[in-house]
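# Descriptive analysis of the structure
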There are 2 protein chains.
Amino acid sequence: MSFSPAIRELVEAFRTLPGVGQKTAQRMALYILERNRAGGERLSQALQTAVEQVGHCNECRTLSETDLCPICADERRDTGLLCIVQGPLDVFALEQTGYKGRYFVLKGHLSPLDGLGPEAIGIPELLRHIDTHQYTEVILANNPTVEGEATAHYIAQLLQDKPLSLTRLAQGMPMGGELEMVDGGTLIQAFAGRKPVQF
Amino acid sequence: MSFSPAIRELVEAFRTLPGVGQKTAQRMALYILERNRAGGERLSQALQTAVEQVGHCNECRTLSETDLCPICADERRDTGLLCIVQGPLDVFALEQTGYKGRYFVLKGHLSPLDGLGPEAIGIPELLRHIDTHQYTEVILANNPTVEGEATAHYIAQLLQDKPLSLTRLAQGMPMGGELEMVDGGTLIQAFAGRKPVQF
């Protein structure tokens, strides 16, 4: 005996979500059907609405329901500063720092083995965007992973002849981190980037 | 800056799922919108269909799209044997053992602090079910947790005067378990239930 077709399909559909395996998908499906059918209808509706209405900002390519996202529509932001990130969640994270410039949101990082070349992640749109704006500094905020570094390096090469300063986020010890817990790669970066003590 | 309303609502809707917190919900929502909109539509549709079509079996109360679930509709199963479980996933688990009797599916366990009394988990329906069938043995397969034991004990008291044998699943060492890894409660049960070696 196995589940009936409608439950089986629901389990399979949950499994397409990231980090959800067979057992978790079963638990989610049973939870919806046994305990929270209203929650199931709400999620169904939210998915439908989001898939239909959410597109990309014409300027920075982040997810947005409007042609221009709230950040790009904000006249008060610094139009000389551009921060390149790998995805919309990164925008959310960086907004917590008080950064007041603009963003450009790539679709992840270069990954030739997965067939993700410059076109797939939006490099041509990025170059057009930079050519049509007057930026003085471009911050490459790709993740400090192997793929992120490679992507940042690739973009840096494309932009090196343009009249703007290119920067990369600092690497080193995270706040509250402990030497014995931090990995070797991070320690190497922290050593290499050590700074004179300020009095 | 935060997400746009449709994305925010999608994140909130994902958070109603068990085991899904803010970060996971964000990741799921962004995954759907950035990488797998077809998966989002599929999940939306599957939720709608399941919520609309899946009800409960008239006999055993498990989740079913038909009035009678496949197990209750199966004439070849032993109609003298009833196994009481806490939820539909338990039916799925027990079917792997080759058990050929019937089931009755409760809605979880008694939990007075959460307002879940006998009515909420389906005890009256269980008693009616047992009164209208000719069972010779009732297996209390509630989970061996504090709440499950209490629920099994409660049911056992209700059924003690009826002409049927009441049994409980054996407790002890799990297959492949190691003494040093097993908790004390399980070891106590394993000791108490020790059996003579069979030659």
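No experiment lies behind these values; they were computed from the predicted model shown. (Residues numbered from 1 in each chain as written. Chains lettered and ligands numbered in written order. Predicted model: local features only at pLDDT ≥ 70, side-chain atom pairs only at ≥ 80, totals over all residues. Heavy atoms only, no water.)

### Considerations on the pairing of strand E5 (residues 137-140) of chain A
All names here are of chain A. Operational definition: We treat two strands as partners when DSSP finds at least two bridges between them. Secondary structure elements are taken from DSSP: a helix is a run of H or I of four residues or more, a strand is a run of E of two residues or more, and numbering for both begins at the N terminus.
Judged from the four bridges that link them, strand E3 (residues 81-85) and E5 form a sheet pairing that is parallel. When the bridges of E5 are listed, cysteine 83 appears paired with isoleucine 139. Sheet topology places E5 next to strand E6 (residues 165-168); four bridges connect them, and they run parallel. The residue bridging glutamate 137 from the neighbouring strand is serine 165, located in E6.

### Observations concerning the UniProt feature "zinc finger region: C4-type" (unreviewed entry) in chain A
Rules: UniProt positions are given in the numbering used here, feature names are shortened, and annotations may be inferred rather than shown by experiment.
Under the present numbering, the feature "zinc finger region: C4-type" (unreviewed entry) in UniProt falls on residues 57-72 of chain A. Strand forms 12% of residues 57-72 of chain A and helix 19%; the C-alpha atoms that close the span are 8 Å apart.

### Observations concerning the UniProt feature "domain: Toprim" (unreviewed entry) in chain A
Listed under "domain: Toprim" (unreviewed entry) in the UniProt record, and renumbered for this structure, are residues 80-174 of chain A. With 37% helix and 18% strand, residues 80-174 of chain A has end C-alpha atoms that lie 28 Å from one another.

### Structural notes on the relation of the copies chain B and chain A
Let me state the cut-off plainly: Residues reaching a pLDDT of at least 70 in both copies supply the C-alpha atoms on which the copies are superposed by least squares. Contacts are assigned to residue pairs with any non-hydrogen atoms lying within 4.5 Å of each other.
Between the two copies, chain B and chain A, the superposition gives an RMSD of 0.1 Å; the rotation angle is 179° and the shift along the axis is 0.0 Å. One copy is carried onto the other by what is essentially a two-fold rotation axis. Within chain B, the C-alpha atom positioned nearest to the axis of rotation is that of serine 44 of chain B, 2.1 Å from it. Taken together, the interface assignments show that 98% of the residues at the interface of chain B recur at the interface of chain A, consistent with an identical surface on both copies.

### Structural notes on the packing of aromatic side chains
Residues and elements named next belong to chain A. The cut-off we apply is this: Aromatic rings from Phe, Tyr and Trp, with only the six-membered ring used for Trp, were paired whenever their centres fell within 6.5 Å, and each pair was classed as stacked if the ring planes differed by under 30 degrees, edge-to-face if by over 60, and tilted otherwise. Buried residues are those whose accessible area, probed at 1.4 Å on protein chains only, stays under 20% of the maximum for their type, while exposed residues exceed 50% and partly exposed ones sit between those limits.
As enumerated under the stated definition, the model contains two aromatic pairs over all chains in all. Ring plane angle 65° and centroid distance 5.1 Å describe the contact between tyrosine 99 and tyrosine 103, whose orientation is recorded as edge-to-face. Each member of the pair, tyrosine 99 together with tyrosine 103, is buried.

### Points about the nonpolar core
Note the threshold: In this text, buried Ala, Val, Leu, Ile, Met, Phe, Trp, Tyr and Cys residues form a nonpolar core when linked through side-chain atoms within 4.5 Å.
One finds Leu10, Phe14 and Leu43 of chain A together with Leu10, Phe14 and Leu43 of chain B to be the most contacted residues of the largest nonpolar core, which totals 44 residues. Those residues in contact with phenylalanine 14 of chain B, other than ones at most four positions away along the chain, are Leu17, Leu43 and Leu47 of chain A together with Val20, Ala25, Met28, Ala29, Ile32 and Leu43 of chain B.

### Description of the interface of chain B and chain A
Rules: Note on terms: buried area is the combined drop in 1.4 Å-probe accessible area of two parts once they are placed together, counting the loss on both. We define a salt bridge as a side-chain nitrogen of Lys or Arg found within 4 Å of a carboxyl oxygen belonging to Asp or Glu. A 3.5 Å cut-off defines polar contacts: any pair of N or O atoms within that distance qualifies, except that in protein one atom must be a possible hydrogen donor and the other a possible acceptor, and neighbouring residues in sequence count only when both atoms are side-chain atoms. Classes in brief: Ala, Val, Leu, Ile, Met, Phe, Trp, Tyr, Cys and Pro nonpolar; Asp, Glu, Lys and Arg charged; the others, Gly included, polar.
Taken together, the 52 residues of chain B in the interface contact 51 residues of chain A. Counting each side, the surface lost to burial between chain B and chain A is near 5,400 Å², with a carbon and sulfur contribution of 69%. Counting the contacts that link chain B with chain A gives two salt bridges. With its nearest N and O atoms 2.9 Å apart, the salt bridge here joins arginine 42 of chain A to glutamate 9 of chain B. For the interface between chain B and chain A, the tally reads 17 residue pairs in polar contact (both at pLDDT 80 or more). With 12 residues, helix H3 (residues 37-53) of chain B is the single largest residue contributor to the side of chain B that touches chain A. Considering only residue class, the side of chain B that touches chain A consists of 28 nonpolar, 13 polar and 11 charged.

### Regarding the pairing of strand E3 (residues 81-85) of chain B
Residue and element names in this part refer to chain B. The element E3 is extensively covered by neighbouring structure, given that five of its five residues are classed as buried. Burial along E3 is two-sided: Leu81, Cys83 and Val85 facing one way and Leu82 and Ile84 facing the other are all buried. Sheet analysis places E3 next to strand E4 (residues 102-105), joined by four bridges and oriented parallel. Residue pairing for E4: cysteine 83 is matched across the bridge by tyrosine 103.

### Quick look at the state of the cysteines
Residue and element names in this part refer to chain B. Let me state the cut-off plainly: In this description, a disulfide is simply a cysteine sulfur pair whose atoms lie within 2.5 Å.
Within this structure, the stated rule accounts for zero disulfides over all chains. Considering cysteine sulfurs only, cysteine 72 is the nearest to cysteine 57, which forms no disulfide, with 3.8 Å between them. For the unlinked cysteine cysteine 83, the closest cysteine sulfur is that of cysteine 60, found at 11 Å.

### So, the side chain of glutamine 26 of chain B
Its location among the elements puts glutamine 26 of chain B in helix H2 (residues 22-35). For glutamine 26 of chain B, a relative accessible area of 6% translates into the label buried. When near neighbours in sequence (up to four residues on either side) are disregarded, glutamine 26 of chain B contacts Leu89 and Phe92 of chain A together with Phe3 and Val11 of chain B.

### Let's talk about the sheet that holds E3 of chain B
All names here are of chain B. Note the following rule: In this analysis, axes come from line fits to C-alpha atoms, helices being fitted only over the stretch in contact, and the angle between any two N-to-C directions falls in the range 0 to 180 degrees.
A sheet is described by the order of its strands in space; here four strands give the open sequence E4-E3-E5-E6, paired in parallel fashion. Each edge of the open sheet carries a strand with a single partner, namely E4 and strand E6 (165-168). With strand direction ignored, the average angle separating the axes of adjacent strands in the sheet is 25°. Where helix H7 (residues 123-131) meets the sheet, its contacts fall on E3, E4 and strand E5 (137-140), and the angle it forms with E3 comes to roughly 175°.

### Examining the sheet that holds E6 of chain A
The strands making up a sheet are joined through hydrogen bonds of the backbone, oriented either antiparallel or parallel. Residue and element names in this part refer to chain A. Pairing is parallel in the open sheet, where four strands are placed in the order E4-E3-E5-E6. With one partner strand each, in any of the chains shown, strand E4 (102-105) and E6 form the two edges of the open sheet. On average, each strand axis in the sheet is inclined to that of its neighbour by 25°, with strand direction left out of account. Together, E3, E5 and E6 form the strand contacts of helix H8 (residues 146-159), whose direction differs from that of E6 by roughly 175°.

### Details of the packing of helix H1 (residues 5-15) of chain A against helix H2 (residues 22-35) of chain A
All names here are of chain A. For the record, the criterion: Oblique is the label for any angle not under 35 degrees, not over 145, and not in the 65 to 115 range, which are roughly parallel, roughly antiparallel and roughly perpendicular in turn. Note: crossing handedness is left-handed where the near helix turns anticlockwise from the far helix by less than a right angle, and right-handed where it turns clockwise.
Their axes nearest at 8 Å, the elements H1 and H2 cross at an angle of 125°. Viewed along their axes, H1 and H2 adopt a mutual orientation that is oblique. Considering only the axes of H1 and H2, their crossing is right-handed. Together, Ile7, Leu10, Val11, Glu12, Phe14 and Arg15 of H1 and Gln22, Ala25, Gln26, Met28, Ala29, Ile32 and Leu33 of H2 make up the contact between the two elements. Residue composition of the contact of H1 with H2, by class: nine nonpolar, two polar and two charged.

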